[in-house]
Amino acid sequence: MLRHTLQRLLLALPVMFGVLLLGFLLMQVVPTDPAQVRAGPTATQELVEAIRRDLGLDQPLWKQFFYYIGRLMQGDLGVSIINNVPVSQELSATIGPTLELMVASLIWAIPLGILLGTVGAYYRGSLLDRSIMAVSVAGVSIPVFFLGLVLVWLFGFKYPILPFTGRLGPLWTWEGFTSIILPAITLGGVFVGPVARMTRTSVLDVLGADHIRTARAKGLKERKVVTRHALRNALVPVVTLIGLQIGFLLGGAVVVETVFSWPGIGRLAVGAILSSDLPMAQGTIIVMSLGFILVNLGVDILYAVLDPRVRGA
C-alpha cells in the first residue's frame, strides 16, 4: 500500500510542474501590462519601467519562470498588484468558504445520486427507472449558471424565502446555513446525474454476478442482497467517478461563486483575471490545481483500499 501511494505521489509531481508552466504561460498572454496596472493610468513611462524592473518583468521569460518556481519553493506566492496584499493572505481568507460550499454540495448530492442509481438498477426498465435517468441526463445537460439563475429567480424573487447574495455567516449559524442552500443546490445539481448513472450501470453489472445469485439462493432478503452484496461491490467505479467529479467541482465553484457572490477562491480567481492581477491569478490557479491533484491522489489510494488487485498493478 505504501509503495502504491509513493508511486502516485511521484506521478503527481510532473503533473503539478506542467500545471505551473501552463498557468505561467497563460498569464503572459494577458493583453494588460501588470506594471501599468500597478502604476495607474496617469503614471509616467519611467515609473512604469521602474515597476516592471521591480517585478522582474524585464527579464527573459525563462528566467521569470524559474524565479517564480524558486519563490514557490519558499512558500512565497507574491503580492497582489491591485491591493498590495500578500496572495497567501487572500487565499487563506477565501479557501474556507469554497470548501464549505463544496462539502455542503457533496453532503446531499452523493447519497442522492447513489440512491437514485441503485433504485433505477433494481427497477430496471420501469417507468421509475426511465424517470430517474431522464432527470439524471437533464441534470448533466443544464449549465451550472442557468440552474443558479433559475434558483435565484424562483427562491430569491418570485418566492423570496432564501438569501442568494454573499455568505452571511459561518455554516453553523442560521444565517450562514440559509445563505449556502441555493449555492449548494446549484453546485451539487450537476453532481447527482453522473453519480446516479454510474451507480445504476455498476449495480446492474454486479446484480448479474454469480455471488449475487448465490446470495439469493440462500434465501437472503432482496434488500440485503442489493445493499450488502451488490452495492458494496459496485461502489469501486462510483468512487473513481466521485473523485473526478469533485475535482471538476472546483471549476463549477468558479461559476457558482460568481452567480451568488460567494466569497470563495473561484470568485477571487475571476476578479484577479479580469483586473490583470498576475500574482493573484497565478496563486488561485496553483491552489485549485493542487486541490484537484490531491483529490485524485486520494481517490487512487481509496481505490486500492476497495480493490486490493489495484495495489499489485
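Residues numbered from 1 in each chain as written. Predicted model: local features only at pLDDT ≥ 70, side-chain atom pairs only at ≥ 80, totals over all residues. Heavy atoms only, no water.

Peer 1: Could you give an account of the overall build of the protein, with specific residues and numbers?
Peer 2: Broken down by element type, the protein carries twelve helices and zero strands. Looking at the protein as a whole, 43% of its 313 residues qualify as buried. The contacts in the protein between residues at least 6 apart in sequence include a share of 73% that link residues at least 24 apart. Of the accessible surface of the protein, which amounts to about 17000 Å², a share of 68% is contributed by carbon and sulfur atoms. (Helix = DSSP H or I, 4+ residues; strand = E, 2+ residues; numbered from the N terminus. Buried < 20%, exposed > 50% of the residue type's maximum accessible area, 1.4 Å probe, protein only. Contact = heavy atoms within 4.5 Å. Areas by Shrake-Rupley, 256 points an atom, 1.4 Å probe, with all protein chains shown as cover.)

Peer 1: I'd love a proper account of the nonpolar core, names of residues and values included.
Peer 2: One recurring pattern in soluble globular proteins is that nonpolar side chains are buried together. Within the largest apolar cluster, 57 residues are counted, with the highest numbers of intra-cluster contacts made by Leu72, Leu101, Leu187, Phe191, Ile242 and Ile286. Elements supplying a minimum of two residues to this core: α1 (2-28), α4 (61-73), α5 (87-122), α7 (144-158), α8 (174-207), α10 (222-259), α11 (265-274) and α12 (278-306). In terms of residue count, α10 provides more of this core than any other element does, twelve residues in total. Setting aside chain neighbours within four positions, we find Ile286 in contact with Met16, Leu20, Tyr68, Leu72 and Leu77. (Core = buried A, V, L, I, M, F, W, Y, C linked by side-chain atoms within 4.5 Å.)

Peer 1: A description of the packing of aromatic side chains should follow, citing residues and the corresponding values.
Peer 2: Counted by the stated rule, this structure contains five aromatic pairs. Between the aromatic rings of Phe17 and Phe65, the centroid separation amounts to 5.8 Å while the plane-to-plane angle is 80°, which identifies the pairing as edge-to-face. Placement of Phe17 in helix α1 and of Phe65 in helix α4 is noted, with a sequence separation of 48 residues between them. Its relative accessible area of 41% is what places Phe17 among the partly exposed residues. Each ring, one from Phe65 and one from Phe66, has its centre 5.6 Å from the other, and the planes form 70°; the classification is edge-to-face. A network of ring pairs unites the aromatic residues Phe17, Phe65 and Phe66 as a single cluster. (Phe/Tyr/Trp six-rings, centres within 6.5 Å; stacked < 30°, edge-to-face > 60°.)

Peer 1: Residue-level account of a nonpolar patch on the surface, with values.
Peer 2: Together, Ile142, Phe145, Phe146, Leu149, Val150 and Val255 line one region of the surface with nonpolar side chains, adding up to about 490 Å² of accessible area. Looking at which element gives the most residues to the nonpolar patch, the answer is α7, with four residues. Here Ile142 is to be found in the loop between α6 (127-141) and α7. Taking the relative accessible area as the measure of exposure, Ile142 reaches 35% and is therefore partly exposed. (Patch = residues over 30% accessible without salt bridge, like charges linked within 9 Å, V, L, I, M, F, W, Y side chains within 5 Å. Salt bridge = Lys/Arg side-chain N within 4 Å of Asp/Glu carboxyl O.)

Peer 1: Describe α8, naming the residues involved and giving the relevant values.
Peer 2: For α8, spanning 34 residues, the distance from its first C-alpha to its last is only 43 Å, which falls clearly below the expected 50 Å at 1.5 Å a residue. Helix geometry: α8 is bent most strongly at Ile181, by close to 35°, with proline Pro183 lying one to four residues after it. (Expected span 1.5 Å × (residues − 1). Bend = angle between axes of the 7 residues up to and from the residue.)

Peer 1: Describe α6, and please don't skip the residues or the numbers.
Peer 2: For α6, with 15 residues, the first-to-last C-alpha span of 21 Å sits near the 21 Å given by 1.5 Å per residue. All buried positions along α6 are accounted for by Asp129, Ile132, Met133, Ser136 and Gly139. All buried residues of α6 fall inside an arc of 120° around its axis, so they share one side. Away from its buried face, by an angle of more than 90 degrees, α6 presents the exposed residues Leu127, Arg130, Val135 and Ser141. Tucked inside the fold, the buried residues of α6 contact α5 and α8. (Arc of directions from axis to C-beta.)

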